[in-house]
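A structural walkthrough
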Protein chains: 2
Amino acid sequence: MKKIINNVEDIVPEMISGLVKTNSDLVRQIEGTTAVVRNDAKFSDNKQVGIVSGGGSGHEPLHAGYVGDGMLSAAVAGEVFTSPTPDQIYEAIKAVDQGKGVLLIVKNYSGDVMNFDMAKEMAEADDIEVQSIIVDDDIAVKNSEFTQGKRGVAGTALVEKIIGAAARSGMSLNDLKDLGQKVIDNTKTIGIALHAATVPAVGHPGFELKDDEIEYGIGIHNERGYAVEKIQPSKELAHELIEKILADFDDKSGNFAILVNGMGATPLMEQYIFANDVLNELVDKKIDVKFSKVGNLVTSLDMQGISLTIMKADSSWINYLKEPVTTIAW
Amino acid sequence: MKKIINNVEDIVPEMISGLVKTNSDLVRQIEGTTAVVRNDAKFSDNKQVGIVSGGGSGHEPLHAGYVGDGMLSAAVAGEVFTSPTPDQIYEAIKAVDQGKGVLLIVKNYSGDVMNFDMAKEMAEADDIEVQSIIVDDDIAVKNSEFTQGKRGVAGTALVEKIIGAAARSGMSLNDLKDLGQKVIDNTKTIGIALHAATVPAVGHPGFELKDDEIEYGIGIHNERGYAVEKIQPSKELAHELIEKILADFDDKSGNFAILVNGMGATPLMEQYIFANDVLNELVDKKIDVKFSKVGNLVTSLDMQGISLTIMKADSSWINYLKEPVTTIAW
C-alpha cells in the first residue's frame, strides 16, 4: 500500500484539519470533534432549518465539502468507512440549530442510522426539534453488508443539494422532511468498479478483479455487486446501467437529473466520455435531462470506477439543483 | 489497461462532447474543433481582453473546466499529451476577441509554444492583437523531455485564475501580459508520483515504481523527475517539497498562496492530509499563506501523486485568486 498519509490512526483528524485550514473563510471545526460547520451557521440573517449530514470518511468531498450557504449547515466525519459517534453528531446539531429545527440526512447503513438516531434523541432532550431522512438510492442490491434494505450512495449529494437549497429558501422542517423523502424515492444509482479501494488500516484492496474484469453494482465501502464481467466499451457500460435504472422507474415522462460520479481514482476524462454516452442514450430514449453533473462527488477512497444516478425531478428540484452555492466542492 | 472509454482515437472528441453536453448553460464547442468557449464570450456587456489557453488533453479539468466568467474565455484541447493544432487555437482566438485583444496562456512545451505562436501570427494577419505568456513553474528539473527550460504544470491553474480575474476587471492586454509574467516568475511547483499514468494509446504505465517507491519531481506527461526514493510519511514529503521550493525564493516575506494538486488518482483524503502537513510547516517557517486550494486541478490521467505549488503573491493577486468565478471546475 502506497498512500500519502502519516499514522493510520490520525488520518481523519489530519484530513479534517487540512480541510478546515485551507477553507477557514467558509468552515470551522467544532472543538473536540471531527464535525465541520458553516462559519456563519448561527449568525445568518436568514434563520433557516439546520441541515446536518455525515458518515464514515473515505467518500470525500462528501460530506464536509458540501458545507456552506445553500447546502449543508454541518457535516460529521467518522473514521474510515465507520459511522461518526452520537455525541459528535449531537454537537453538530446544537451548533446549527437556529430555533427552526434540524434535519439529518443519513445514508442507509446500520451504524449511521443507529448513531444519528441516538443523536436525535439527545438533541430532543434539549428541546431541539430534529427530523431525519434516510438515503437509499443504490438499486444494485438489497440487504447488502452493513445495510438493511438498499445502500445510500452517490445520490446523497443530489439530495443534500436540493434539501440545502430548499432550506435556504425558508422551507419548514416538516416540509423539508417530506421533500427529502420524495427526492429519495425518485433517485436511483448503480456503480461499477474496475479496481477495489484499499482501506488504509487493511493495506490491500477490498476485493480482486482480473485485468479485464469489472464488477457491476458495487457499493462505496468495497461491497461486492451483482456481477463480475469482462470490461466493455463505455457505451455498453452506459447502456447496462441505464437499462437497469430505468426499469426501476414506472413513469419515464417529465424532467430528469443525472449524476456521473467518479469513485476516486478514475480520471475526469473517462467520466466525461461515459457522460457523453449516457446522454446520447437518454436522448435516444426521449428522457428529458434538465440537469447533469459530472465529477468525484461521492468517492470510495482510491476505488477505480464510476456510478450513474438518475433522478426523476420536479421542475422545482431542477431549480434547487442549479442554484449557486458557496461550498468547497459542489 | 482498464479504462472507461470507447475507441482510443475518439477519446478527446467524446470527452469534449460530454463536457459540453453536461455544461451547456456555461460553454459551447466551436464547430469543427475541440475548442470550448464561453457561451457569452462575444455578448458580454463587459468588453474585456479574451483569455485563451489550451494544450494536450489528459490534464482535466485543465483547461476546459476553467472556461467561464472570471477565468478563461476559451480552451483548446489537443490529443492526449499532444498540442492542439494552430488552426484550432486560431478559431478560439477569433471566437473570443471583443476588439480588446487576446492573451494566450501557454504551458512551456515545445509543441504548445510553437503552435500557439503560429495561431498568434494567423490572428495578427486578421488584425487581432495577440500576446502570449509561457508558464514554466516546475522547478524540479530543467530541459526535460518535450521542454526547453522548465515545464509548465499545476501553477498554470493559479495563473489562469489571476489573469482571468484581472481581465474581467478591465485590465489592458499589455498590462495582463506584464502581470502574467510577474505571476509566473513567482510561482514554483514540484510534484511526486506514487504510480505513473497510463496513456490510452500506449496501454501501460509510463514508468515503473516498486511497491514502496515514489518519484520526486515528475512532470504531468510521465516525465521522470530527480530522484526515486522509498515512500515517506506525508510530513516528510511535505518537508522535502517545501525545502526545495523555498530555496528557489530569494525573498520569503510578504503574502503567499499555495496549491496542493492531486495528479488524478489520488483521493482527496490524502490531498488534505498533505495540505495539513504543508500548512503546519509553513506556519513554523513564518510563511504567511493568504490563499490555499486543494484538489485535482491539473492532472496527469490516472497518475497517483501530488504536487505542491507555492506562489509569492501581491495582495491584489490574493484578491484575484479569491474572487468568485462561474466555471465548471475552479
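Above: the structure in question.
Read on for a plain summary of the structure. (Residues numbered from 1 in each chain as written. Chains lettered and ligands numbered in written order. Predicted model: local features only at pLDDT ≥ 70, side-chain atom pairs only at ≥ 80, totals over all residues. Heavy atoms only, no water.)

**A few points about the pairing of strand S12 (residues 304-312) of chain B**
All names here are of chain B. With respect to burial, S12 is a largely interior element, eight of its nine residues being buried. Bridge analysis of strand S7 (residues 187-195) against S12 gives eight bridges, and the strand direction is antiparallel. The residue of S12 that forms the bridge with Ile192 is Ile306. Here seven bridges tie strand S10 (residues 255-262) to S12, and the two strands are oriented antiparallel to one another. Counted as the bridge partner of Ile258 is Ile310 from S12. (Buried < 20%, exposed > 50% of the residue type's maximum accessible area, 1.4 Å probe, protein only. Helix = DSSP H or I, 4+ residues; strand = E, 2+ residues; numbered from the N terminus. Pairing = 2+ DSSP bridges.)

**Re the pattern of salt bridges**
Going through the model one piece at a time under the given rule, you end up with 38 salt bridges over all chains. A salt bridge links Lys235 of chain A to Glu14 of chain B; the nearest nitrogen and oxygen atoms lie 3.8 Å apart. You can see Lys235 of chain A sitting in helix H6 (residues 234-246) and its partner Glu14 of chain B sitting in helix H1 (residues 11-21), one on each of two chains. Note on Lys235 of chain A: relative accessible area 44%, which makes it partly exposed. (Salt bridge = Lys/Arg side-chain N within 4 Å of Asp/Glu carboxyl O.)

**What about the packing of aromatic side chains?**
Residue and element names in this part refer to chain A. Summed over the entire model, instances satisfying the criterion amount to eight aromatic pairs over all chains. Seen from their ring centres, Phe291 and Trp330 are 6.4 Å apart, and the 10° between their planes marks the pair as stacked. Taken together, the residues span a long stretch of sequence, with Phe291 in strand S11 (residues 288-295) and Trp330 in the segment after helix H8 (315-322) at a distance of 39 residues. Accessibility assignment for this pair places Phe291 and Trp330 in one class, buried. These aromatic residues form a ring-pair network of at least three members: Tyr66, Phe291 and Trp330. One residue, Lys293, lies across the ring of Trp330, its end atom 4.2 Å from the ring centre. (Phe/Tyr/Trp six-rings, centres within 6.5 Å; stacked < 30°, edge-to-face > 60°. Lys NZ or Arg CZ within 6 Å of the ring centre and 35° of its normal.)

**A word on the sheet that holds strand S3 (residues 50-57) of chain B**
Residues and elements named next belong to chain B. Strand order in the open sheet formed by six strands is S1-S2-S4-S3-S5-S6, with mixed pairing between adjacent strands. Of all strands in the sheet, those bounded by a partner on one side alone are strand S1 (27-29) and strand S6 (130-135). Taken pair by pair, the neighbouring strands of this sheet meet at an average axis angle of 20°, ignoring direction. Strand direction decides the pairing type here: strand S2 (residues 35-38) and strand S4 (residues 74-80), joined by three bridges, are antiparallel. Note on S4: the bridge partner recorded for Val36 is Ala75. (Axes fitted to C-alpha atoms, helices over the stretch in contact; angles between N-to-C directions.)

**Points about the layout of surface pockets**
Of the voids in this model, the second largest pocket is the one considered here, and its volume is about 990 Å³. Lining the second largest pocket are 35 residues, with His195, Pro205 and Gln304 of chain A together with His195 and Gln304 of chain B positioned closest to its centre. For the lining of the second largest pocket, the elements supplying multiple residues, two or more each, are strand S7 (187-195) of chain A together with S7 of chain B. (1 Å grid on protein atoms, 1.4 Å probe; cavity = no way out; pocket = protein on both sides within 12 Å on 5 of 7 lines; lining within 4 Å. Points joined across faces, edges and corners; volume = space filled by probe spheres on them.)

**Details of the packing of helix H4 (residues 155-168) of chain A against helix H5 (residues 173-185) of chain A**
Residues and elements named next belong to chain A. H5 packs onto H4 with a crossing angle of 155° between their chain directions and a minimal axis gap of 10 Å. Relative to H5, the element H4 is oriented roughly antiparallel. As for the relative orientation of H4 and H5, their crossing is right-handed in sense. Residues Val159, Ile162, Ile163, Ala166 and Ala167 of H4 form the contact with H5, whose participating residues are Leu176, Leu179, Gly180, Val183 and Ile184. In the contact of H4 with H5, the residues fall into nine nonpolar, one polar and no charged. (Parallel < 35°, antiparallel > 145°, perpendicular 65-115°, else oblique. Left-handed = near helix turned anticlockwise from the far one by under 90°. Contact = heavy atoms within 4.5 Å. Nonpolar A, V, L, I, M, F, W, Y, C, P; charged D, E, K, R; others polar.)

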